[in-house]
Amino acid sequence: MTESKNPITIISVEKQHSLSVHYAQLQQLREYLKIVIFIDEAKNDLENIYMLVWRIVNNIDARRDITILDGIVMVDASNKGSLDGFERRWPDDVECTPQVIADLKQRGIWDLDPDLEERMQL
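Residues numbered from 1 in each chain as written. Predicted model: local features only at pLDDT ≥ 70, side-chain atom pairs only at ≥ 80, totals over all residues. Heavy atoms only, no water.

1. A look at the side chain of Ser-78
Point 1. Within the secondary structure layout, Ser-78 lies in the loop between β4 (72-76) and α4 (98-106).
Point 2. Here Lys-15 takes part through its side chain, which lies 2.7 Å from a polar atom of the side chain of Ser-78.
Point 3. Side-chain polar atoms of Ser-78 contact the side chain of Asp-76, separated by 2.4 Å. (Helix = DSSP H or I, 4+ residues; strand = E, 2+ residues; numbered from the N terminus. Polar contact = N/O pair within 3.5 Å; in protein donor to acceptor, adjacent residues only side chain to side chain.)

2. Topic: unusual backbone geometry
Point 1. Phi at Asp-70 takes a positive value of approximately 50 degrees, unusual for a residue other than glycine.
Point 2. Here Asp-70 shows up in the loop between β3 (66-69) and β4.

3. Section: the nonpolar core
Point 1. Ranked by size, the top nonpolar core spans 9 residues in total: Val-13, Leu-19, Tyr-23, Leu-26, Leu-33, Val-36, Phe-38, Ile-72 and Met-74.
Point 2. Where this core is concerned, the elements lending two or more residues are α1 (23-26), β2 (35-40) and β4.
Point 3. Excluding anything up to four places from it in sequence, Tyr-23 contacts Phe-38, Thr-67, Leu-69, Met-74 and Asp-76.
Point 4. Of all hydrophobic cores here, the second largest spans 6 residues; its members include Ile-39, Leu-52, Ile-56 and Ala-77. (Core = buried A, V, L, I, M, F, W, Y, C linked by side-chain atoms within 4.5 Å. Buried < 20%, exposed > 50% of the residue type's maximum accessible area, 1.4 Å probe, protein only. Contact = heavy atoms within 4.5 Å.)

Okay, here's the thing in structure tokens:
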């Protein structure tokens, strides 16, 4: 989406410290960046936009996780922990286990196409 006036860049990270340390580094690229979203590499597939949007919007608090710095919107959509000053347990991602899917199919509640299940990471 680089043709947009507000391109979105998603950066997948293996978080080892607060992501805010990268914000100043990205200022060198402000000509090219408008919205930058950081996500956890371990739990997210950059090719699966459906699940990516789901996890991004479920991992942010607008007051804590969105920073605007010199015209760039930085969004920390990673799981939070002590590295971020978040001391409570971060909620687990909502996932549908294979056992739940099998039970729903057996009860006639689930009739999604297997290709759709795969694309949606279900």
